[in-house]
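Results of the structural survey
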Amino acid sequence: MTLTLGLASLFLAFLCAIYGAVVALIAAPRKATAWVESARNAAMLTWPLITLAALSIIIMLVKGQYDVEYVTHVSSRAMPWYLKVTALWGGQAGSLLFWSWLMSAFTSAAMLRRWDRDRSMMPYVIAASMITLAFFLSLSLFVENPFQRLWQNEITGEIGPALLQPANSSLFTPLDGNGLNPLLRHPGMIIHPPMLYLGFVSFIIPYAFAIAALATGRTDDEWIRTTRRWTLVAWLFLSLGLILGGRWAYDVLGWGGYWGWDPVENAALLPWLTGTAFLHSVMIQEKRGMLKVWNMILIISTYSLVILGTFLTRSGVLSSVHAFAQSAIGPLFFAFIGITFAISMGLLFHRWDSLKSETQLDSLLSREAAFLLNNLLFLGVAFATLWGTLFPIISELVTGQKVTVGPPFYNQVNGPLLAAIVLLMGVAPLVAWRKASARSLGRLMWIPAVLTLVALVAFYLLGARSFGALLGYGIATFVGLTTLSEFARGVRARMRLGENPALALINLAARNRRRYGGYVIHLGVVVMAFGVVGSYMFQQETQATLNRGETLSLGGFTMKFDSVAQFNTDDRREVTRATVSVFDAGGSPVGVLHPRRDFFLDSGQPMTIPGVRSTLGEDFYVLLVDWQPISSNSATFKIYVNPLINLVWWGGIIFIIGTLVAAWPDAAEEKRYVSAPAGVATRSVGAD
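Because the structure is predicted, anything quoted here is derived from the model rather than measured.

Here's the deal with the nonpolar core
If you look at soluble globular proteins, the nonpolar side chains tend to sit buried side by side. Grouped together as the largest cluster of nonpolar side chains are 166 residues, with contacts concentrated most on W99, I126, W223 and W272. At 14 residues, helix α9 (residues 222-252) tops the list of elements feeding residues into this core. Setting aside anything within four residues of it in sequence, one finds W223 in contact with M121, P206, F209, A210, A213, R218, F278, Q285, N295, M296 and I299. If you look at the next biggest cluster of nonpolar residues, it comprises 19 residues, including A544, L546, V564 and A635.

So, the packing of helix α18 (residues 513-537) against helix α19 (residues 646-663)
Interhelical geometry of α18 versus α19 gives an angle of 170° and a closest axis separation of 7 Å. The angle between α18 and α19 falls in the class roughly antiparallel. Here the residues of the contact of α18 with α19 sort into 15 nonpolar, eight polar and two charged.

Points about the pairing of strand β11 (residues 611-614)
Strand direction decides the pairing type here: β11 and strand β12 (residues 618-624), joined by four bridges, are antiparallel. When the sheet's bridge partners are listed, R613 is paired in β12 with F620. Taking the residues between adjacent antiparallel strands as the criterion, β11 and β12 are bridged by three residues.

Section: the sheet that holds β12
Taking strand neighbours across the sheet as the criterion, the four strands line up as β4-β13-β12-β11 in an open arrangement whose pairing is antiparallel. Either end of the sheet is taken by a strand with one partner, and the two such strands are β4 (540-547) and β11. Recorded for the sheet is a direction-independent mean angle of 15° between the axes of neighbouring strands.

Side note on unusual backbone geometry
Not every positive phi belongs to a glycine, and K31 is a case in point at roughly 50°. Tracing the chain through its elements places K31 in the loop between α1 (2-30) and α2 (33-63). Non-glycine residue N168 carries a positive phi angle of around 55°. Within the element layout of this structure, N168 appears in the loop between β2 (159-162) and β3 (169-171).

Digging into the side chain of S169
Summarising the element assignment, S169 is placed in strand β3. Side-chain polar atoms of S169 contact the backbone oxygen of P166, separated by 2.6 Å.

What counts, and at which threshold
- Residues numbered from 1 in each chain as written.
- Predicted model: local features only at pLDDT ≥ 70, side-chain atom pairs only at ≥ 80, totals over all residues.
- Heavy atoms only, no water.
- Core = buried A, V, L, I, M, F, W, Y, C linked by side-chain atoms within 4.5 Å.
- Buried < 20%, exposed > 50% of the residue type's maximum accessible area, 1.4 Å probe, protein only.
- Helix = DSSP H or I, 4+ residues; strand = E, 2+ residues; numbered from the N terminus.
- Contact = heavy atoms within 4.5 Å.
- Axes fitted to C-alpha atoms, helices over the stretch in contact; angles between N-to-C directions.
- Parallel < 35°, antiparallel > 145°, perpendicular 65-115°, else oblique.
- Nonpolar A, V, L, I, M, F, W, Y, C, P; charged D, E, K, R; others polar.
- Pairing = 2+ DSSP bridges.
- Polar contact = N/O pair within 3.5 Å; in protein donor to acceptor, adjacent residues only side chain to side chain.

Structure representation (structure tokens):
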């Protein structure tokens, strides 16, 4: 019953998506309001229907209905209930359904908003979003159906999945399932994939409005203003997904780090890069009426990279520690990306003349020029990352051999570009719109510059002697100081009105959330930059096999191997857990750690869990390596000292707080927007 209900709901949702897209496209040129309303209702109906389908899968996972192939593949009796629920996105078929569910939720929410200003665009918004949803639902129905059951051929004994009962077969129900991939059992994986998926699907809303603007010829700023908050929400979730993914990698993968330029990591980073460029460049369009074509290209690229990222994650076309599935969905994804990109670019070329800039760049020393340079740098990082990610596929097509690109390529190419982006982050807010003078810019920069030089001397005396580290710390310090100086200028201005410093700061942020939320984001990036430079430039590592009682020293710490124990757990893990004592440079004990190796008996997969002694200054990170034999008397350890690595996580928290401030609804701004005539651009140079 549960399976039938879920499958029927999925099929009906697919029909609704198709109906909504087709009726919306038919109704748009005829301005048939009733048809558009019908398409809208169909679009909104997809969410409850896909919710029913997703709940059906969850119920079968929790109940252990092992005659369903997907349940057998990702669940087992020993798994706790919450992991059985998260197994919905732990496998190929379930994750595609989960993707569709999130997208239908966002689309339905977009359908609930007031249409008064965007009535002409809404049919195309419905069509663009429903076509995307229908594509993913078609994958769930016809390629990766999570409702397939297991059937055993009564003649040959072979067992295989099918939606309908094959001839000469009977239902096969295994006694237990395979269980979830061990790497997906970390608590971070409960949150990380949903955040990433939310970031992916919510970028489809601004894309759909952009396509609607091109289709209707409404190439003013309306679609940008309508989708500004949607874009920030998408960016917030994608940022959260990336940060949580880094934390998961640090805790589970045994890299000793948080970012390895893995293809699937890159797949999530790519739309974030173009989305970040878009968030900056739309400000130029809103303020100066420039870069209209550029903004369209950026949002179309972001949408295409979202679909490409989903394809790379789910198809298994690239080798990755994050790719948990092998599937034949690749050609379908390629076809969909190609068709949607071609249609999008066709519409863009059709409206090219109406997208010409209203003004010209007045000076290379202006905020517009700084933002444009910021965009080019972001796209430079995106291109290098895309090239490195796809290079194995390209090399295999050309030479027949799959050649991968390692972290050194990304570090050498992207490192300078990212440093330039961070530096520009500190300079751009000081530059005036239209035209700035070197003198006025120097007046704003000289105090942060002098303080940065003082800080560099301090860093040098504290032991940071390499050029790269000093350059990184110098850039981060300068950007932090210039950003704080912007807060100080604003607070001083408000204090002249009689407000005390605390009230002035609160009012300052509340009255221009977008601007000061952005500055908080910049401060988060600065804190993260200190963490990245410290952990990348000064990381230390060593490895040794120790007998019980022997010690190993690194970075001012000494580790003593105390004991090792092996035992089995109720969830069918064979655990090998070491106990080590950690001492500081003075010989005083600072902690006892338990690095361990889990071997999952059902899946035959190992997982290495580090023992970490963590402070704000550094992490002492111990791995019980699994490629060396372990006995009760000896074991091999790999240890890292990661300076300042926790600043990466704290910077991430500040980053997210800033995004929330920037995205938080402003009732006064909303009122001004609603009262303004539709299609009328209101430029406010200097307000931001």
